Amino acid sequence: MTNQKPTATSRLKQDYMRLKRDPVPYITAEPLPSNILEWHYVINGPEDSPYHGGYYHGTLLFTKEFPFKPPSIYMVTPNGRFKTNKRLCLSISDFHPDTWNPAWSVATILTGLLSFMLETTPTLGSCESTTYEKRKYARQSLEFNMKNEVFCELFPEICEEINERLAKIEEHRKQNAANNNTSNVANGTAGVGTPAEGLEGDSSEGGASAVSNTDDSNNIWHSLYTNLIVLIGFVIFALIVHYVIKSMNIE
């Protein structure tokens, strides 16, 4: 039993060197500097998946018996596929030591995890969500991960990417707000016919004047309609009287 810890340590160091030499697509992984048995990984959502644009942080917890025993696998970032901070039941995790192969490396584990994430097969630790919800989680993952100190410490390059994306998102948001304000100002100017900077004044002064003019116009038309109706009624009444008088004369 005394040689088990050196075996796990040396094997994980070899796996780390292989990962640096041959990175796994969409995946970055780093062990804790203080504990090589605890690894942290980040899955970058593939382009053709609902996870695209998201960064999904999780952990692999190895035992001193590795590679003869599999690790525990956890997901930290909300994602819509796996529950957070729950042991995941996978054929490559400690839920199934009977299916574990000591030849499997950290790269093998992370490749299998990504493959299973892109599926919809349910398992212990998985959850169901719509495509819309997964895409929402992908957007929210940026700010979520930046609040995690371990994430920021182990993945500075990814943090730089996230900060750049967040800056672009904020810039885009401000640009949209400016465009909306410009559009609102333009609409206000066209409707009232006064300078844009006095929108509130336009509502209380120019707007009141416009309402007053509208009311006056309505009153004039109302008077014309009333007079016309009275005139038509008078003509009809005169015709009726004329007809009655004519009938009496005939008799």
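Everything here concerns the structure above.
Draft legend 1. Layout of the overall build of the chain. For the chain, the count of helices and strands is six helices and four strands. Helices (α) and strands (β) of the chain occur, in sequence order from the N terminus, as α-β-β-β-β-α-α-α-α-α. Every one of the 251 residues in the chain was classed for burial, and the buried ones make up 30%. Pairs at least 24 apart in sequence give 53% of the contacts found in the chain among residues at least 6 apart. As displayed, the chain offers around 16,100 Å² of accessible surface, 58% of which is attributable to carbon and sulfur atoms.

Draft legend 2. View of the sheet that holds strand E3 (residues 55-61). Ordered by their spatial adjacency, four strands build an open sheet running E1-E2-E3-E4, and the pairing between neighbours is antiparallel. Strands with a single pairing partner mark the edges of an open sheet, and in this sheet they are strand E1 (27-32) and strand E4 (72-75). Taken pair by pair, the neighbouring strands of this sheet meet at an average axis angle of 25°, ignoring direction. With seven bridges joining them, strand E2 (residues 35-44) and E3 adopt antiparallel strand pairing. The residue of E3 that forms the bridge with Trp39 is Leu60. Running over the sheet, helix H2 (residues 106-117) touches E1, E2, E3 and E4 and is turned about 35° from E2.

Draft legend 3. Molecular detail of a nonpolar patch on the surface. Among the surface-exposed residues, Leu228, Leu231, Ile232, Ile236 and Ile240 lie close enough to one another that they form a single nonpolar patch of about 460 Å² accessible area. Within the secondary structure, Ile232 sits in helix H6 (residues 199-250).

Draft legend 4. Region of the structure containing the nonpolar core. By size, the foremost hydrophobic cluster in this structure holds 31 residues, and its most contacted members are Trp39, Tyr41, Leu60, Phe62 and Ile73. Looking at this core, the elements with two or more residues in it are helix H1 (4-21), E1, E2, E3, E4 and H2. Broken down by element, this core gets its largest block of residues, seven residues, from H2. Apart from the residues within four sequence positions on either side, Ile73 is in contact with Tyr41, Thr59, Leu60, Lys86, Arg87, Leu88, Leu90, Ile92, Ser93, Ile109 and Leu113. If you look at the next biggest cluster of nonpolar residues, it comprises 10 residues, including Val42, Phe151, Phe155 and Ile158.

Draft legend 5. Region of interest: the pairing of E2. Buried residues dominate E2, accounting for seven of its 10 residues. In this structure, E1 lies alongside E2, joined through six bridges in antiparallel fashion. Bridged to Glu30 within E2 is His40. Linking two consecutive strands that pair antiparallel, namely E1 and E2, is a turn of two residues.

Draft legend 6. Structural view of the pattern of salt bridges. Within the structure shown, the criterion is met by six salt bridges. A salt bridge links Arg11 to Asp15; the shortest N-O distance between them is 3.3 Å. Taken as a pair, Arg11 and Asp15 lie in helix H1 at a separation of four residues, close to a single helical turn. Residue Asp15 is classed as buried on the basis of its relative accessible area, which comes to 2%. Among the salt bridges present, the one from Asp94 reaches Arg87, with a minimum N-O distance of 3.3 Å. Asp94 gets classed as partly exposed once you look at its relative accessible area, which sits at 23%. Residues joined in a network through salt bridges with shared partners are Arg11, Asp15 and Arg18.

Draft legend 7. Structural view of helix H3 (residues 131-146). With 16 residues, H3 extends 24 Å between its outermost C-alpha atoms, agreeing within 8% with the 22 Å of an ideal straight helix rising 1.5 Å per residue. A bend of about 40° at Gln140 is the largest found in H3. Of the positions making up H3, those classed as buried are Lys134, Ala138, Ser141, Leu142 and Asn145.

Draft legend 8. Examining H2 more closely. For H2, built from 12 residues, the straight-helix expectation of 16 Å at 1.5 Å per residue is met to within 8% by its first-to-last C-alpha distance of 16 Å. By the burial criterion, the buried members of H2 are Val106, Ile109, Leu110, Leu113, Leu114, Phe116 and Met117. Seen along its axis, H2 keeps its buried residues to an arc of 165°; they face one direction.

Conventions we followed
Residues numbered from 1 in each chain as written. Predicted model: local features only at pLDDT ≥ 70, side-chain atom pairs only at ≥ 80, totals over all residues. Heavy atoms only, no water. Helix = DSSP H or I, 4+ residues; strand = E, 2+ residues; numbered from the N terminus. Buried < 20%, exposed > 50% of the residue type's maximum accessible area, 1.4 Å probe, protein only. Contact = heavy atoms within 4.5 Å. Areas by Shrake-Rupley, 256 points an atom, 1.4 Å probe, with all protein chains shown as cover. Pairing = 2+ DSSP bridges. Axes fitted to C-alpha atoms, helices over the stretch in contact; angles between N-to-C directions. Patch = residues over 30% accessible without salt bridge, like charges linked within 9 Å, V, L, I, M, F, W, Y side chains within 5 Å. Salt bridge = Lys/Arg side-chain N within 4 Å of Asp/Glu carboxyl O. Core = buried A, V, L, I, M, F, W, Y, C linked by side-chain atoms within 4.5 Å. Expected span 1.5 Å × (residues − 1). Bend = angle between axes of the 7 residues up to and from the residue. Arc of directions from axis to C-beta.

Spatial relationships are all this shows, so hold off on functional conclusions.
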